[in-house]
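Read off the chains here:
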Amino acid sequence: MRRRSTKSAAALVAALCLLVSASLSSAEVTQEGNLRVSFTGGIAPNALPRKGKAPVKAKFGGEIKTIDGQAPPQLREISLAINRNGKFDFRGLPACHYHQIHPASTSEAIKTCPDSVIGEGIFSAHVELPEQSPFPSAGQVTAFNGVFHGRHVIFAHVFGTTPLPQSQVLIFDLGRESGAYRTTLTAELPRVAAEWGYVSGVSLSLSKVFRYKGKQRSLLSAGCPAPGGADVAPFNFARASFGFEDGRTLGVTMTRSCRVKGRA
Amino acid sequence: MTRTGRFLPLLLIALVGTLGAAALGASVARADLKFDRIGVQLREPNGTHSRQAGAHSDFEFSFSYPVDETTQHDGSDKPGPPEAAKDVDLELPPGMYGNPTPFLSCAPIKLFNPNTIVPSCPIASQIGTVDINLVGGPGQGEHTVALYNLSHGPDVPARFGFKYYYAVVTITPRVRPGDYGISAGSFDITQTLALQASRLHLWGVPADPSHDTERMPFQGVEIYPNQAPVSTESPRVPFFTNPGSCPDSPSSFTATGNSWENPDAFDVRLLSTDEEGTPFVWEGCENVPFKPQFVAKPGTHRAHSPTGLDVQLDVPANDGPKGYSSANVKRTVIEFPEGMTVSPSAVAGLGACSEAQVGLGNNNPPACPDNAKLGNVSIDTQLLPESLPGEVVLASQNANPFHSTYAIYLLAKGPGFYVKLPGELNLDPRSGQLRVIFDDLPQLPFENVHLDFRGGPTAPLVTPNKCGDYTVKTEVFPWARPTEPVVSTVPMPIDEACEGGGEFNPRLQAGVDNPVAGARSPLTIRVTRQDGEQNLSRIEVTLPKGEIANLKGLEVCPDDLAPSGNCPKGSQVGIATSAIGTGAFPLFVPQPGKEPTALYLAGAYKGAPYSLVTKVPAQAGPFDFGDIVVRTAIDLNPVTAQVIAKSDPLPQILEGVPIAYRDVRIEVKKPDFSVNPTSCEQRYVTTTITSVDGTEAHPSVPTKVGDCGALNFGPKLKFKLKGGTNRGDFQALTAILTTGKKEANMSRVQVALPHALFLAQEHIGTVCTRVQFAADNCPEASIYGKARAITPLLDKPLEGPVYLRSSSNPLPDLVADLQGQFDIELAGRIDSENGGIRNTFETVPDAPVTKFVLKMKGGRKSLIVNSRNLCLAPMRAKVRMVGQNGKRHKERPVIQTGCRKKSKKGHKK
């Protein structure tokens with residue numbers, strides 16, 4: 001029974017990822033030197049009310065490559081700032097603690113903090129040990145609402161069995177800024193397989209609809225700030241950057257568009 | 001001539017002497033006998049002195065004893081001889097000889113002719129004259145009589161004689177041992193004549209007309225001056241010949257004489273000038289002819305075959321009455337072609353002749369053992385009517401005139417003398433090329449010397465490996481011109497059985513005496529090589545998996561003794577046997593009665609932890625070349641524990657004799673030393689055998705033991721974790737494997753850990769690359785544990801660090817680098833099974849291990865982290881083991897943790 005649930009969840013995650021990718025598959029590519037990062041992301045649905053906000057799902061991702069085939073430097077920091085028209089609402093969400101989900105398999109982590117799950121994604125890396133054929137290391141990402149050392153954080157729990165059973169938790173600190181981008185998510189990444197590995201891709205989609213005090217709430221909600229008379233409005237969805245071991249930081253501002261839901 | 005007829009003359013001569021001796025007692029003794037006059041003269045027919053080398057001059061030898069004028073011999077007033085010659089002997093210088101063979105000989109009985117004072121010898125048998133002066137007695141005064149060539153028995157080379165009145169005096173030449181000069185003497189000269197003085201004339205060419213007036217007339221008693229010429233039917237060929245060499249210093253004659261009155265007082269005179277004071281310095285050597293011819297024929301023209309040899313050296317004589325005799329051979333050097341070498345096969349059962357047995361320098365019969373004979377020799381000389389038969393024998397190693405390893409003697413028997421000629425065999429130490437040198441040969445003429453070395457499988461020589469137009473080079477040096485050799489090159493084609501010279505197909509045999517799984521059994525490895533193929537140079541043998549050695553408690557040859565092979569008996573593990581040589585009967589070493597070979601276990605050598613010392617006493621036949629010691633490095637394949645034996649280069653030549661290996665056999669037969677595999681699958685003894693030309697061959701033979709089913713297989717594996725029991729705690733894992741007796745060895749073991757244990761990837765510091773591992777240079781950070789293996793075959797456990805090492809698998813391997821008497825690396829493949837960490841040792845050496853302990857580090861070096869609280873439920877590992885005998889064993893052992901056991905009441909202890 002549990003296995004069937006797990007399979008269903010995995011299928012759902014895949015379908016959602018595919019859906020998001022299909023609806024918001026545009027990517028911003030940036031390059032410095034031989035290092036190239038493709039940032040992806042967006043929200044769904046993109047038909048949103050002109051006034052007020054509606055629950056949305058947001059996806060953020062990045063793919064890391066080099067143009068000369070060399071191994072990319074290790075990814076050490078992920079930083080994400082989300083447009084002020086998107087709003088996080090953690091009220092009423094139970095928080096999970098680090099030691100509850102690490103080390104643990106995905107199912108064990110979800111089993112431990114089932115109500116704190118706020119998203120999922122995938123994580124891929126390559127390990128190139130000396131004299132060893134490179135081998136991929138892939139894992140499933142599960143996002144938890146969490147508390148770490150008293151701070152409100154989002155845990156990105158990574159678990160994979162390829163090549164060996166192992167888990168890792170990325171801790172996204174939540175911050176607030178003034179201006180166009182209010183909410184920030186910042187995580188420092190540990191080294192992958194000491195000095196021998198590198199992250200090749202990471203994606204995370206966040207969404208959670210839950211009830212709190214009798215009301216239905218959404219982890220993320222957004223509106224479409226289109227000017228009067230216009231049904232579609234472009235907007236700067238998020239500002240994302242990856243910081244690397246060698247000191248390079250590659251970032252982009254992801255511009256997306258929304259459509260006014262209902263009559264203008 | 002009948003036996004009686006041959007000995008009758010000798011009897012008569014002896015009788016004459018005996019009668020003389022009987023009269024001796026009546027004489028007056030003197031203690032200071034001196035020749036009154038003595039001399040030698042060599043003249044040309046025209047009367048001038050002759051010093052031309054090789055010329056045929058007339059020879060004179062004269063002597064007289066003093067006459068004491070005051071002594072009356074018979075009471076009359078005439079002076080009497082106080083001394084009468086008894087023995088007179090003259091040594092001619094080497095190279096000077098008379099040749100009686102062409103001339104008619106006179107039977108002694110005809111010379112003695114007892115019924116008359118007239119000798120009845122044929123005129124043609126006269127070879128000179130003798131002037132005698134008799135004092136007292138019958139015939140007193142001076143007389144000239146004929147000197148005849150007498151027939152003689154087989155014990156002397158010649159005999160001459162003369163008669164006056166009823167008395168006969170004989171002169172017997174002999175060949176001196178040593179310098180092979182000619183001496184001639186008259187012994188026990190009759191006193192009937194009271195010989196006081198004599199002058200002996202030997203004619204250079206007896207038939208020369210200049211001697212016609214000096215011949216004894218028919219029915220004559222003596223020769224008178226101015227008598228009528230007497231012709232002869234004798235051939236006009238030389239009788240007497242001057243030496244054929246021209247040394248700077250004069251030659252000398254040695255005359256010795258005594259008297260009946262003083263038989264023990266010898267007067268010895270060295271005569272280096274003639275009576276006119278002209279020294280005997282020979283000259284004109286450049287005019288002496290010398291045209292030797294050399295022929296050498298091998299017994300076979302087949303390549304790479306034992307062969308006899310037929311060698312002939314001809315020196316044509318110059319028999320003309322004019323001119324000079326051919327020069328005699330002083331030195332001969334025969335250089336055989338490269339590739340034609342001495343055959344080791346020849347020495348099996350061969351003996352050698354010592355210097356004492358040969359008796360160089362004396363005239364005793366050689367007493368060489370029969371098995372020292374290498375062939376026959378025959379010498380034809382114009383000086384003797386028949387060939388001199390003899391043998392070629394091997395000389396004793398070093399104890400020969402050259403102090404050389406190899407030498408031979410040519411031993412031939414002549415009438416009354418032995419020819420004993422030492423020849424040096426010079427073998428090139430690198431190629432084995434053979435040179436035969438005879439030096440300082442006798443200054444006597446020969447027309448032909450024929451050496452016939454025996455053929456057959458044990459022939460002394462071996463033809464070259466490959467066909468070709470080979471040649472034998474000879475240098476023949478004459479006494480007349482010792483620095484001007486006549487050089488000739490004789491073809492010696494090898495043009496049969498040419499195939500096979502370049503091939504290399506060695507064969508391998510290997511096996512154990514008792515092919516039972518896990519048993520202790522002697523092991524034999526044998527490499528053979530076909531005759532004619534390239535020779536063996538190196539042998540590398542890899543034993544099958546599981547064919548290993550028990551080194552526990554074994555004595556090892558100390559490092560300081562191993563190079564010499566003088567190892568203690570306790571370190572001997574076997575013997576070695578080899579066969580070397582060419583042909584059907586190679587030489588097997590060791591030979592019966594010789595020192596045995598031995599195979600010793602020694603210590604580290606050429607990077608390998610052990611070595612074998614093969615000691616082969618190089619003793620064969622009469623030769624002893626000491627010990628041949630070959631080291632063989634013994635290593636272990638660290639992965640399979642297969643024994644790898646790499647020999648040093650095998651000696652290719654020993655004391656100039658190429659060692660053509662035909663059979664190399666190693667028998668490891670020390671009890672309980674060699675251990676069989678516990679796997680009954682077919683395995684192989686593999687080899688890399690290298691030829692002298694660098695060609696490699698890889699013969700292998702399958703080996704298989706049986707009765708594997710009789711071996712059990714049920715090892716026990718226990719696991720223990722040391723560390724916290726909470727999620728996220730790191731663990732130190734200990735695995736302990738134990739085996740029972742009479743069990744098959746482990747072949748494969750796989751351990752899957754439960755899901756509760758994750759990889760602590762953050763603790764992967766680094767891995768050891770294979771390059772670093774091979775160089776024993778792994779970084780410290782790549783060590784994640786340690787391991788220890790206890791085997792009943794070694795004195796000490798094998799132990800060492802456990803690394804993460806790069807591999808061909810997706811993940812690095814977990815490698816236990818076990819070190820000790822041997823190094824073993826036990827590599828485990830890491831992967832996952834159903835989400836759990838799994839390690840598989842796919843290739844476990846087929847070697848007995850009673851206990852194996854693997855300890856992985858904990859704490860910050862731990863590779864294992866709890867993914868849950870370990871105390872929630874017991875954890876079991878999944879263990880699958882396969883024995884070398886194919887038996888399988890599964891276990892689900894509980895992993896011991898730090899969790900306290902619950903009491904029966906449910907409380908934790």
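Definitions and limits used
Residues numbered from 1 in each chain as written. Chains lettered and ligands numbered in written order. Predicted model: local features only at pLDDT ≥ 70, side-chain atom pairs only at ≥ 80, totals over all residues. Heavy atoms only, no water. Helix = DSSP H or I, 4+ residues; strand = E, 2+ residues; numbered from the N terminus. Buried < 20%, exposed > 50% of the residue type's maximum accessible area, 1.4 Å probe, protein only. Areas by Shrake-Rupley, 256 points an atom, 1.4 Å probe, with all protein chains shown as cover. Pairing = 2+ DSSP bridges. Axes fitted to C-alpha atoms, helices over the stretch in contact; angles between N-to-C directions. Disulfide = S-S within 2.5 Å. Polar contact = N/O pair within 3.5 Å; in protein donor to acceptor, adjacent residues only side chain to side chain. Contact = heavy atoms within 4.5 Å. Buried area = accessible area lost by both parts, 1.4 Å probe. Salt bridge = Lys/Arg side-chain N within 4 Å of Asp/Glu carboxyl O. Nonpolar A, V, L, I, M, F, W, Y, C, P; charged D, E, K, R; others polar.

Engineer: Could you clarify how one ought to interpret the overall build of chain A in this entry?
Structural biologist: When helices and strands are counted, chain A shows 3 helices and 19 strands. Counting the 264 residues in chain A, one finds 52% classified as buried. Surface exposure of chain A reaches about 12500 Å², of which carbon and sulfur atoms provide 52%.

Engineer: Explain the sheet that holds strand β2 (residues 58-64) of chain B here, please?
Structural biologist: Two strands in a sheet stick together by hydrogen bonds in their backbones, pointing the same way (parallel) or opposite ways (antiparallel). Residue and element names in this part refer to chain B. Strand order in the open sheet made by the 11 strands is β1-β2-β10-β5-β6-β7-β8-β9-β3-β12-β13, with antiparallel pairing throughout. With partners counted over all chains shown, the strands left at the sheet margins are β1 (37-43) and β13 (267-271), one partner each. The average undirected angle you get between the axes of adjacent strands in this sheet is 15°. When strand β6 (residues 141-150) meets strand β7 (residues 159-164), the two strands line up antiparallel, connected through 3 bridges. Across the sheet, L150 pairs through a bridge with R159, a residue of β7.

Engineer: Can you walk me through the state of the cysteines in this structure?
Structural biologist: Counted under the stated rule, the structure contains 10 disulfides over all chains. Along chain A, the cysteines engaged in disulfide bonds are linked according to the scheme 1-2, 3-4 when indexed in sequence order.

Engineer: Please explain the environment of S210(B) as it appears in this structure.
Structural biologist: Of note, S210(B) is situated in the loop between β10 (195-202) and β11 (240-241). Among the polar contacts made by the side chain of S210(B), one reaches the side chain of D208(B) at a distance of 2.6 Å.

Engineer: When you look at the sheet that holds strand β7 (residues 86-88) of chain A in this model, what are you seeing that I'm missing?
Structural biologist: Residues and elements named next belong to chain A. Pairing within the open sheet is antiparallel, and its 3 strands lie in the order β4-β17-β7. Only two strands of the sheet have a single partner each, and these edge strands are β4 (54-55) and β7. Across 2 bridges, β4 lies against strand β17 (residues 220-222) in antiparallel orientation. If you follow A54 over to β17, its bridge partner there is A222.

Engineer: Would you mind going over the pairing of strand β2 (residues 35-44) of chain A with me for this structure?
Structural biologist: The two faces of a sheet get side chains in turn, since along a regular strand they alternate between them. Residue and element names in this part refer to chain A. Within β2, 8 of the 10 residues are buried, which leaves it mostly tucked inside the rest of the structure. By the bridge criterion, 6 bridges tie strand β1 (residues 27-32) to β2 in an arrangement that is antiparallel. Looking at the pairing, V29 lines up with S38 of β2. Connecting β1 to the antiparallel partner β2 that follows it, the hairpin turn spans 2 residues, and G33 within it adopts a positive phi of roughly 65°. The sheet contact formed by β2 and strand β5 (residues 57-66) spans 10 bridges and is antiparallel. Bridging across to β5, T40 finds its partner in G61.

Engineer: It is not clear to me how the interface of chain B and chain A should be interpreted in this structure. Could you clarify?
Structural biologist: Taken together, the contact between chain B and chain A spans 29 residues of the former and 27 residues of the latter. Surface buried jointly by chain B and chain A totals about 2100 Å² across both partners, of which 56% is contributed by carbon and sulfur atoms. Taken as a group, R727(B), F758(B) and Q761(B) account for 31% of the area that chain B buries against chain A, more than any other trio of residues on that side. Here R770(B) makes a salt bridge to E131(A), at a shortest N to O gap of 3.6 Å. At the junction of chain B with chain A, the criterion picks out 10 residue pairs in polar contact (both at pLDDT 80 or more). Where the side of chain B that touches chain A is concerned, the elements lending two or more residues are β48 (757-759), α4 (770-774), β52 (824-833), β53 (836-841) and β55 (864-866) of chain B. Of the residues that constitute the side of chain B that touches chain A, the class distribution is 12 nonpolar, 13 polar and 4 charged.

It is worth stressing that arrangement in space is one thing and function is another; only the former is reported here.
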